[in-house]
Amino acid sequence: MTTTRPALDPELRELLADMPLMSQLDPEVLAHLRELPSTPVETLLAHRRVDRREITVPAQDGTPIPLSVFSPATTDRANGAPCVYWMHGGGMVMGDRFSQIDIPLEWLDEFGAVVVSVDYRLAPEADGTTLVDDCYQGLLWIAAHAAELGIDPARIVVAGASAGGGLAAGVTLLARDLDTPVIAAQMLVCPMLDHRNTTVSSRQYANVPGVWTREMNEFGWRAVLGSRADDEVPAYVSPALAEDLSGLPTTYIDTGSAEVFRDEDTAYAGRIWAAGGQAELHVWAGGFHGFDALYPQARISATARRTRTDWLARVLSSGTTPAT
């Protein structure tokens with residue numbers, strides 16, 4: 001049976017016409033995608049006055065996890081800058097700490113934020129809770145080194161896109177449940193939240209080429225979860241499973257109307273509201289998965305990115321803290 005789908009934004013549809021699309025992901029294709037060159041981070045830093053520092057933090061099993069720290073050269077360490085802790089996208093199976101880094105670097109420009117990006121281990125080489133645990137260890141390091149980094153520990157924002165958005169949600173749940181550290185807000189950009197892959201939007205984007213399809217999503221989740229049954233999947237890995245979404249920091253979620261994650265993302269926002277929390281949700285009409293990262297020049301992309309920045313400006317100026 002053919003499932004009708006929301007139409008793409010006309011400008012995005014025209015841009016996407018020049019991009020090779022696929023519907024399936026397998027180990028051979030993944031190996032090829034991992035070999036493709038990414039935009040050198042030096043290109044993004046060339047016009048910015050930024051101090052860059054590369055460090056590693058030990059994972060729970062002792063494996064060194066790389067972190068990149070980008071600080072404005074003019075950081076006022078006396079007053080403390082906000083910090084954006086970034087988790088990259090890539091379906092849990094590809095990407096690195098420089099993927100989509102242009103997004104948080106805009107907040108370095110806008111707010112003088114210190115940006116820290118984590119190179120968590122990827123599936124299938126790593127699985128289970130390893131990815132989210134790696135990200136959580138990075139967060140603990142940031143909190144412990146706030147003074148050294150020149151950041152205000154009360155203004156740490158956890159953010160990520162796609163798989164990174166799901167990991168950011170998992171890290172935020174961990175921080176709440178372990179009661180450390182304080183997170184001022186979470187920014188979830190088209191987040192990958194639900195391994196069950198059973199929503200209407202998931203089924204709408206099956207059996208059709210795209211940027212990220214239901215079949216590709218199934219591959220990514222299998223890589224992370226292996227043969228685990230649903231009742232063996234931790235909510236920190238698949239945050240949609242969390243029974244309690246109370247006590248979370250103020251949250252921003254956005255997604256496109258024409259993408260796999262639309263319904264799980266809108267449901268997550270609704271459950272935060274139902275638990276008495278604060279969330280701002282944007283569903284961009286005609287947006288496909290990751291549209292604003294792939295085509296930032298499109299009008300809808302510029303609007304989406306500006307809307308996030310405006311929300312973050314309100315959060316950082318209001319002294320917002322987690323709900324209690």
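Our subject is the structure listed above.
Below is a summary of the structure that appears in this document. (Residues numbered from 1 in each chain as written. Predicted model: local features only at pLDDT ≥ 70, side-chain atom pairs only at ≥ 80, totals over all residues. Heavy atoms only, no water.)

Notes on the overall build of the protein
The line we're drawing: The helix count covers DSSP runs of H or I at least four residues long, the strand count covers runs of E at least two residues long, and both are numbered beginning at the N terminus. The globule rule used here is 2.2 Å times the number of residues to the 0.38 power, and the radius of gyration it is set against is calculated over C-alpha atoms. Any residue under 20% of the maximum accessible area for its type is buried, any over 50% is exposed, and the rest in between are partly exposed; the area is computed with a 1.4 Å probe on protein chains only. Here, two residues are considered to be in contact whenever any of their heavy atoms come within 4.5 Å of each other. We get accessible surface area from the Shrake-Rupley algorithm with a probe of 1.4 Å; when it comes to residues, only the shown protein chains can shield them. Charge assignment: positive for Lys and Arg, negative for Asp and Glu; neither His nor the chain ends contribute. By convention, the charge on Lys lies at NZ, on Arg at CZ, on Asp at CG and on Glu at CD.
When helices and strands are tallied, the protein shows twelve helices and eight strands. Against the 2.2 N^0.38 benchmark of 20 Å for 324 residues, the protein shows a C-alpha radius of gyration of 18 Å, consistent with a compact globule. Principal axes of the C-alpha set define a box for the protein whose edges measure 60 × 45 × 40 Å. Here the protein, with 324 residues, has 55% of them falling under the buried criterion. Restricting to contacts in the protein with at least 6 residues of sequence separation, those with at least 24 account for 76%. Per element, the accessible surface of the protein, about 13500 Å² overall, is 52% carbon and sulfur. Where the 24 positive side-chain charges of the protein centre and where its 42 negative ones centre are 3 Å apart.

As for the nonpolar core
Note the threshold: Grouping buried Ala, Val, Leu, Ile, Met, Phe, Trp, Tyr and Cys residues that are joined through side-chain atoms within 4.5 Å yields what is termed a nonpolar core.
Grouped together as the largest cluster of nonpolar side chains are 67 residues, with contacts concentrated most on Tyr85, Met87, Leu139, Ile142 and Tyr268. The leading source of residues in this core is helix H7 (residues 163–178), at eight residues. Residues contacting tyrosine 85, with those up to four places away along its chain left out, are Leu67, Val116, Val118, Asp134, Cys135, Gly138, Leu139, Ile142, Val157, Val158 and Ala159. Of all hydrophobic cores here, the second largest spans 36 residues; its members include Phe98, Leu105, Val157 and Ala304.

Brief notes about the pattern of salt bridges
To keep it simple, the criterion reads: A side-chain nitrogen of Lys or Arg and a carboxyl oxygen of Asp or Glu constitute a salt bridge if their distance falls within 4 Å.
Applying the stated criterion to the full structure yields 22 salt bridges. Salt-bridge contacts for glutamate 125 lead to arginine 34; the nearest nitrogen and oxygen are separated by 2.8 Å. Here glutamate 125 is found in the loop between strand S4 (114–118) and helix H5 (130–144), whereas its partner arginine 34 is found in helix H2 (residues 27–35), with 91 residues between them in sequence. By relative accessible area, which is 60% here, glutamate 125 ends up exposed. A salt bridge links aspartate 254 to arginine 308; the nearest nitrogen and oxygen atoms lie 2.8 Å apart.

Notes on helix H10 (residues 262–274)
Put simply, the test is: Helix span is expected to be 1.5 Å times the residue number reduced by one.
Between its first and last C-alpha atoms H10 spans 18 Å; for 13 residues at 1.5 Å apiece the expected length is 18 Å, and the two agree. Looking only at H10, the buried set comprises Arg262, Asp263, Glu264, Asp265, Tyr268, Ala269 and Ile272. Buried-residue contacts for H10 involve H7, strand S6 (185–189), helix H8 (200–204), strand S7 (250–256) and strand S8 (279–284). Where H10 terminates, the next one or two residues include glycine 276, which has phi positive at roughly 85°.

Describing the sheet that holds S8
Here is the rule we go by: Strand pairing requires that DSSP identify at least two bridges connecting the strands. Interaxial angles span 0 to 180 degrees and are taken between N-to-C directions of axes, which are lines fitted to C-alpha atoms, for helices over the stretch in contact.
A sheet is described by the order of its strands in space; here eight strands give the open sequence S1-S2-S4-S3-S5-S6-S7-S8, paired in mixed fashion. The open sheet is flanked by strand S1 (50–58) and S8, the only strands paired with a single partner. Here the average twist between neighbouring strands, direction ignored, is 15°. Judged from the five bridges that link them, strand S5 (residues 151–161) and S6 form a sheet pairing that is parallel. Bridging across to S6, alanine 159 finds its partner in methionine 187. Across the sheet, H7 is in contact with strand S3 (81–87), S5 and S6; its angle to S5 comes to roughly 140°. Each of S3, S5, S6, S7 and S8 touches helix H12 (residues 299–318); the most contacted strand, S7, lies at about 175° to it.

Notes on the environment of glycine 247
Along the chain, the position of glycine 247 falls in the loop between helix H9 (214–225) and S7. Placed 50 residues apart in sequence, glycine 247 and glutamine 297 show a C-alpha to C-alpha distance of 37 Å.

So, the packing of aromatic side chains
Definition in use: Stacked, tilted and edge-to-face pairs are distinguished by plane angle, under 30 degrees for stacked and over 60 for edge-to-face with tilted covering the rest, among Phe, Tyr and Trp rings (Trp via its six-membered ring) whose centres lie within 6.5 Å.
Inspection of every chain in the model, using the stated rule, returns three aromatic pairs. Their ring planes at 55° and their centres at 5.3 Å tell us that tyrosine 252 and tryptophan 311 sit as a pair that is tilted. Taken together, the residues span a long stretch of sequence, with tyrosine 252 in strand S7 and tryptophan 311 in helix H12 at a distance of 59 residues. A connected cluster of aromatic rings, assembled from ring pairs, spans Phe288, Phe291 and Tyr295.

A look at the environment of glutamate 280
For glutamate 280, the position within the fold is in strand S8. The class for glutamate 280 is partly exposed, based on a relative accessible area of 22%. Taking C-alpha positions, glutamate 280 is 19 Å from alanine 242, a pair spaced 38 residues apart along the chain. If we ignore the near neighbours within four places in the chain, the residues touching glutamate 280 are Thr251, Tyr252, Ile253, Trp311 and Arg314.

Describing the side chain of threonine 251
The line we're drawing: Between N or O atoms, a polar contact is any pair within 3.5 Å; within protein, one atom must be a potential hydrogen donor and the other a potential acceptor, and residues adjacent in sequence are included only when both atoms are from side chains.
Turning to its location among the elements, threonine 251 is positioned in strand S7. Separated by 2.9 Å, the side chains of threonine 251 and glutamine 186 make a polar contact. Within the structure, the side chain of threonine 251 is placed 2.9 Å from the backbone oxygen of proline 249, a separation counted as a polar contact. If sequence neighbours within four positions are ignored, threonine 251 has contacts with Gln186, Leu188, Ile272, Gln278, Ala279, Glu280 and Trp311.

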